[in-house]
Amino acid sequence: MKVTRMVIILILLLLFPTAAAWAGPWQDYRRAGELEAGDPATAESLYRNAAAAFEAGGDLLNAGLAWQKIFRLCDRQGKLGEAGAAYVKEVALFQQAGKPDWAWEDTARGESLKSMLRLFIPVPDPGRITLAKFEPAAGVYLGLYEERGPAGNYYNRVKDLYGRQHALYLGYGHIYGPGNFVLPRDTMEKARQVPGAGLVLALEPNGGLGDLREEDLTAIARELAAVKIPVFLRFASEMNMEGTNAWHGDPAAYVSWFRRAATIMRREAPNVAMVWNPFDIVQPEGVKAAALQYYPGDEYVDWVGVNFYSDYYLSGRADQPGAGLDPLQRLDYWYRIFAGSKPLMVGEFGIAHTVLSPGRADVSRWAAFNIRKFYRTLPLLYPRVKAVVYFDLNESDPLYTQAKVSDYRLDDNPEVLAAYREAIAGPHYLEQVGQEAPGTYRELEDHMAIRGAVTLGAAVKLYDPFISRVEYYLNGELLGSPTSPPYQLTIDFDRLPGEGSLVVKAYDSQGREAVSRTFTIYGSAVPVAIFTLGQKSYSSNGQVQEMDVAPLLENGRTYVPLRYLALALGVPEAGIGWDPASQTVTLSSGGHILKFYPGRAEMERDGRRETLDVAPLNRYDRVFLPARYVAEALGYRVTWSPARQQLLVTRE
């Protein structure tokens, strides 16, 4: 009887955790709540304990709530990098728990605090992709909504205004009911007059999907065919925006009509490419995914577009700051979903330089920085984004009937205009449909072998809207610190023998290191000499030579026996001299005379004294010195391989 009772108790304990088993996380959670106001650091620590216990026990929802508390406390304490990491964890847990919208309140702030650093290298070939209709193999079509802009009457003025002609012009068409449709015929005609230009037509069924007729779509298709220029048809775009259009709410009907429109266009207007074009809402990705129920299928879609705007305040609300939201990150979700099968288009895009609501504020510096960053970094991060249409509009325009939040114009602000002209000046941006850029980019991977001089570029996002610089270190040597996106630096990897360490650091606007990454890279230089720490042999031109002493480590520096280093670099035996009276080492080679003095942080090169940062050492009756001083004086270069603990000497 006792045995049976014990078995039952054990089974119940296994199936139903006791209150004591959960006392730890809940006790920490409740105690943290009591301490939040007065002791946020301790509260954060307790929430971390609770989060770990909840997650270990499979309670993902409460783990997400604990991480939500951690995110807000880190933000409050100014630990912005940690806040960004906490937000990422919060979103992931809510997503796994089936409650992605529970992170919605934190999305704007959380996304603005996430940090990211990725490196890219140029490549001449975009790789094997099946190109869609009008898709360039490489490059991005420049596009404009210019109906209300300074070139609205004559699109051929665009090049004078912005320094580059634009390949695409956006116009709006409307279907108000059966037999009642209006096309932007003025925009169509002006685009037709620009050599190589195409039209982006946002065709909106304002009367609702129920009032659409195939005969009306056929008439529209025939009119578009008559224009005889490439047309990118955004049929019923922003379908995922509840309450803003008449074609939201019935995914099945939407898909049916998109497919019918695509079928009609392909039959009647071969110059039309179909664009499925949602709006990117500032919400967790699990919420964005609701748009996919409106996707008509790859067979009916040529391009995928996405619309978004960068506002200093979201929806004109001061309690919803948008300044930290990197416009590039608005593409992340859509790119991951579709880039493998479709080219992408930024169907509408603008960065506000003036806040119209709430209040009125000039944010030109922020706008200019983000315009440069967006256009210059886009080709690195998203090589299959092939078109960007800038929405050149002031929302205070009386003809603009939606919320009057921002001024996105390019031409009225000198700082913004200069930024746009500079940002689109590169060859990756295309002025005509059918053009192609000379190459594209691929992401740098750890343990990658690189040959020749390569221009690296960095895609960087920080908790700070402004980035002061990005530093590049190769084997500990600072090579450069560019200050403007995409923070490009040319590095000659033919000077790197074998394995090397590439470290890249990004700094915020206050000059504080915010994020860094380390890559192991393999260069193509062939070393003329290799010295290994602690080994009494070295390699000279591929031949193993013996030494009577080994390189040593002292005060964090690697010292090489000077005599053997000199021999490895071609200094003849007769050119190596030691004067015990003056304690001087003399090296004579190739018309150069070098003198070193153990214990003195100086050298003499061809009669000129130079200061060293360390002094030569006298150990084991041998003079030791960091190899760089001798090598560089004789026309060589030294690199250090941390993994192999080796000094490698190559020719300059």
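Placed above this text is the structure.
As a starting point, this report considers the structure included with it. Just so you know, these numbers come straight off a predicted model, no measurement behind them. Per-chain numbering applies: the sequence of each chain, read as written, is numbered from 1 onward. Only residues with pLDDT of 70 or above have their local features reported here, since the model is predicted, and side-chain atom pairs are shown and tallied only from 80 upward, although totals for entire chains, interfaces and linings are computed over all residues. Only hydrogens and water are set aside when side-chain values are computed; all heavy atoms of the structure are taken into account.

## Some thoughts on the packing of helix α4 (residues 60-76) against helix α5 (residues 80-96)
Applied cut-off: Angles here are taken between N-to-C directions and fall from 0 to 180 degrees, while the axes themselves are lines fitted to C-alpha atoms, restricted in helices to the stretch in contact. Each helix is a run of H or I in the DSSP string that is no shorter than four residues. Each strand is a run of E no shorter than two, and both are numbered from the N terminus. Note that the term roughly parallel is reserved for angles under 35 degrees, roughly antiparallel for angles over 145, roughly perpendicular for angles of 65 to 115, and oblique for everything else. Should the near helix be turned anticlockwise from the far one by less than a right angle, the crossing is left-handed, and should it be turned clockwise, the crossing is right-handed. In this description, contact between two residues means that some pair of their heavy atoms is separated by no more than 4.5 Å. Nonpolar residues are Ala, Val, Leu, Ile, Met, Phe, Trp, Tyr, Cys and Pro. Charged residues are Asp, Glu, Lys and Arg, and all others, Gly as well, are polar.
Contact pair α4 / α5: the axes reach a minimum separation of 8 Å and the direction vectors enclose 160°. On the basis of the axis angle, α4 is roughly antiparallel to α5. Every pair of crossing elements has a handedness; the one defined by α4 and α5 is left-handed. Of α5, the residues touching α4 (which contributes L60, L61, A63, G64, L65, W67, Q68, I70, F71, C74 and D75) are L80, E82, A83, A86, Y87, K89, E90, L93, F94 and Q96. The class makeup of the residues in the contact of α4 with α5 is 14 nonpolar, three polar and four charged.

## Here's the deal with unusual backbone geometry
Between P485 and P486 the backbone carries a cis peptide bond, its omega angle lying at 5°. Examined against the element boundaries, P486 turns out to sit in the loop between β19 (477-480) and β20 (489-492). Unlike most non-glycine residues, A236 shows phi in positive territory, near 50°. With respect to the secondary-structure elements, A236 resides in the loop between β6 (231-235) and α10 (251-268). Positive phi, normally seen in glycine, also occurs at Y620, with a value near 55°.

## Some details on helix α13 (residues 364-381)
Heads up, the rule is: To estimate how far a helix should extend, the number of its residues minus one is multiplied by 1.5 Å. Type-normalised accessible area, obtained with a 1.4 Å probe on protein chains alone, sets the label of each residue: buried when under 20%, exposed when over 50%, and partly exposed for intermediate values.
Spanning 18 residues, α13 covers 25 Å between terminal C-alpha atoms, matching the ideal 26 Å at 1.5 Å per step. With 15 of 18 residues buried, α13 lies mostly within the body of the structure.

## Topic: the pairing of strand β18 (residues 467-474)
Rules: When DSSP locates at least two bridges between a pair of strands, those strands are taken to pair.
Buried residues dominate β18, accounting for six of its eight residues. Across three bridges, β18 lies against β19 in antiparallel orientation. Paired with Y473 across the bridge in β19 is L478. In this structure, the hairpin formed by β18 and β19 is closed by a connection of two residues, where N475 is found at a positive phi of approximately 55°.

## Let's talk about the packing of helix α8 (residues 185-192) against helix α9 (residues 214-227)
Contact pair α8 / α9: the axes reach a minimum separation of 10 Å and the direction vectors enclose 25°. Looking at the two axes, α8 sits roughly parallel to α9. Across from R185, M188 and R192 in α8, the residues of α9 making contact are E223, L224 and V227. Looking at the contact of α8 with α9 residue by residue, the class counts come to three nonpolar, no polar and three charged.

## What about the packing of aromatic side chains?
The following threshold applies: Aromatic rings from Phe, Tyr and Trp, taking only the six-membered ring of Trp, are treated as a pair when their centres fall within 6.5 Å; an angle between ring planes under 30 degrees marks them as stacked, one over 60 as edge-to-face, and anything in between as tilted. In our convention, an over-ring charge means Lys NZ or Arg CZ found within 6 Å of a ring centre and within 35 degrees of that ring's normal.
Inspection of every chain in the model, using the stated rule, returns 37 aromatic pairs. Residues Y312 and W366 carry aromatic rings whose centres are separated by 5.3 Å and whose planes lie at 90° to one another, so their mutual orientation is edge-to-face. Note that Y312 is positioned in the loop between β8 (303-310) and α12 (332-338) and W366 in helix α13, a separation of 54 residues in sequence. Taken together, the aromatic side chains of Y162, F308, F349, F374, Y375, Y390, Y420 and Y429 make up a single cluster linked through ring pairs. For the cation-ring pair, R365 lies above F466, with the distance from its terminal atom to the ring centre recorded as 3.8 Å. Note that K505 overlies the ring of Y473, its terminal NZ or CZ placed 5.0 Å from the centroid.

## Overview of the nonpolar core
Selection criterion: Here the nonpolar core consists of buried residues drawn from Ala, Val, Leu, Ile, Met, Phe, Trp, Tyr and Cys, with membership extended through side-chain atoms lying within 4.5 Å.
Of all hydrophobic cores here, the largest spans 144 residues; its most connected members are F235, W276 and Y375. If one sorts the elements of this core by residue count, α13 sits on top with 10 residues. If you look at the next biggest cluster of nonpolar residues, it comprises 38 residues, including A529, Y559, F624 and L625.

## Things to note about the sheet that holds strand β31 (residues 602-605)
What the five strands build is an open sheet, ordered β28-β29-β30-β31-β32; its pairing is antiparallel. Strand pairing shows two members of the sheet lacking a second neighbour, β28 (576-579) and β32 (608-611), which therefore form its edges. Adjacent strand axes in the sheet meet at a mean angle of 20° when their direction is disregarded. In terms of strand pairing, β31 meets β32 through four bridges, oriented antiparallel. Within β32, the residue paired with M603 across the bridge is E610.

Purely spatial values, then, with no claim about function.
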